[in-house]
Amino acid sequence: MGKINPGVRVRVPASTANLGPGFDSLGLALDLYTWVEMSRSEGKTTFQLYGEELEGKGIPLDKSNLIYQVAQQVFARAGVEVPELSVSMYSDIPLARGLGSSASAIVAALTAANALIGSPLSDDELFQLASSIEKHPDNVGASLFGGLVVAYWDGIRAEHIKVAPDERLEVLVAVPDFQLSTEKARHALPKEVAMSDAVFNVGHSNLLVAALCTGRLEMIRLAMTDKLHQPYRSALVPGMAEILEGAADHGALGIALSGAGPTMLALSDRDGGRKEELERFLREMFGRHGIGVETRWLKPDTEGPRVEVLTETAGSGTFMQNLKGEIRT
Ligand code: HSE
């Protein structure tokens, strides 16, 4: 077994899942990030949470913390004992809004813990762990590999192919001012669906992947439609039905609920020239239902996690001082 490093810092991207028809299969990494710094503690395990997305949100600061639990799975798999950790975390990814905040935390914990002990686990092993923790591979796949990830998880193994997103693609997210848990949004789904709806989604999802792989951006509008989850979830997101109906007529290449929601996600052509119109449309549709919304223009992240091993002397600045210039707020 290799030596344990003094400390590591990782930056992991947010993600959007499904892209409409690719339920539990498609994920796209976005340039909005979570940072985790991890080192072995000489004393007790400590957690420092920073930023408005994490502070005061009731996140546990003991060993029941997700980051700690996931890190211990890595150590156990590698046969290494690191029972006490010092963890600092900052995130620009809003919690429980459909932008993969929990997946980014899981991937940050996996990559940080693995790097801390000299990276004995492969990316594939981390992907298997991440998929079995999250129970679907779309968000964790995108956060772990970057880019557009086409994947499945069959309950035993996850497989994926990473596709480089078309360089013309930009992403507008409209993040409503309320949270929706993935659990609640999955609970709204039926146990069984009609064969005709399944066939609809297979065709649309396949066409969407082909359109994204071949640069046929004009095909996204039709391909990015879904009958497996969005119709059941629209009751949970006031304004969603109108947005799905009208966004393509206001400049979107395609529109979908981002993951389990409530964020709405529009794909846009950077050369299309209708960005303001699209943003206004999304704001107005949520506004009609009295819902405040924050809109953000994002780009696909193609890099995936960035991992830095910290040397003993690198600890000159505080965690937040070292992130300065990179974080949004
Ligand atoms: N594919 C998952 C869902 C993503 O739609 O429930 C949840 O983040």
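A brief structural summary.

**Observations regarding the site of the ligand**
In step 1: Lining the immediate surroundings of the ligand are A17, N18, F23, D24, H136, D138, N139, T182, R186, R233, G259 and A260.
In step 2: Within the side chain of R186, one N or O atom sits 2.6 Å away from an oxygen atom of the ligand.
In step 3: Elements supplying a minimum of two residues to the shell around the ligand: helix 4 (138–145) and helix 5 (182–187).
In step 4: Each residue belonging to the shell around the ligand can be placed in one class, and the counts come to 3 nonpolar, 5 polar and 4 charged.

**A few points about unusual backbone geometry**
In step 1: Residues G261 and P262 are joined by a peptide bond in cis, for which omega reads 10°.
In step 2: On the secondary structure map, P262 appears in the loop between strand 8 (254–257) and strand 9 (264–269).
In step 3: The residue N18 is not glycine, and still its phi comes out positive at about 80°.
In step 4: Within the secondary structure, N18 sits in the loop between strand 1 (7–17) and strand 2 (26–40).
In step 5: N18 gets classed as buried once you look at its relative accessible area, which sits at 2%.
In step 6: With a phi angle near 50°, L19 is a residue other than glycine that sits in the positive phi range.
In step 7: Inspection of the secondary structure puts L19 in the loop between strand 1 and strand 2.
In step 8: The buried category is assigned to L19, whose relative accessible area is 2%.

**Some remarks on the sheet that holds strand 10 (residues 293–298)**
In step 1: Read from one edge of the open sheet, 4 strands run 8-9-7-10, paired in antiparallel fashion. The sheet terminates laterally at strand 8 and strand 10, the two strands that pair on one side only. The mean angle between the axes of side-by-side strands here comes to 20°, regardless of whether they run parallel or antiparallel.
In step 2: By the bridge criterion, 6 bridges tie strand 7 (residues 169–176) to strand 9 in an arrangement that is antiparallel. Following the sheet pairing, A174 is matched in strand 9 by M264.
In step 3: Against the sheet, helix 10 (residues 275–287) makes contact with strand 7, strand 8, strand 9 and strand 10, and its axis sits at roughly 155° relative to strand 10, the strand it touches most.

**Here we look at the pairing of strand 6 (residues 158–163)**
In step 1: When strand 5 (residues 148–153) meets strand 6, the two strands line up antiparallel, connected through 6 bridges. Paired with V149 across the strands is K162, a residue of strand 6.
In step 2: A loop of 4 residues connects strand 5 with strand 6, the two strands running antiparallel in sequence, and G155 in this loop sits at a positive phi of about 95°.

**Focus: the pairing of strand 7**
In step 1: When you tally the buried positions in strand 7, you get 8 out of 8 residues, the bulk of the element.
In step 2: Covered by surrounding structure in strand 7 are L169, V171, V173 and V175 together with E170, L172, A174 and P176, the residues of both alternating faces.
In step 3: As paired strands, strand 7 and strand 10 are joined by 6 bridges and run antiparallel to one another. Following the sheet pairing, P176 is matched in strand 10 by V293.

**A few points about the environment of L126**
In step 1: Note that L126 resides in helix 3 (residues 123–134).
In step 2: Residue classification places L126 among the buried residues on the basis of a relative accessible area of 2%.
In step 3: A C-alpha to C-alpha distance of 33 Å links L126 and D269, two positions 143 residues apart in sequence.
In step 4: Among all residues touching L126, those that are not within four sequence positions of it are L110, T111, N114, L121 and L144.

Thresholds applied
Residues numbered from 1 in each chain as written. Predicted model: local features only at pLDDT ≥ 70, side-chain atom pairs only at ≥ 80, totals over all residues. Heavy atoms only, no water. Near = heavy atom within 4 Å. Polar contact = N/O pair within 3.5 Å; in protein donor to acceptor, adjacent residues only side chain to side chain. Helix = DSSP H or I, 4+ residues; strand = E, 2+ residues; numbered from the N terminus. Nonpolar A, V, L, I, M, F, W, Y, C, P; charged D, E, K, R; others polar. Buried < 20%, exposed > 50% of the residue type's maximum accessible area, 1.4 Å probe, protein only. Pairing = 2+ DSSP bridges. Axes fitted to C-alpha atoms, helices over the stretch in contact; angles between N-to-C directions. Contact = heavy atoms within 4.5 Å.

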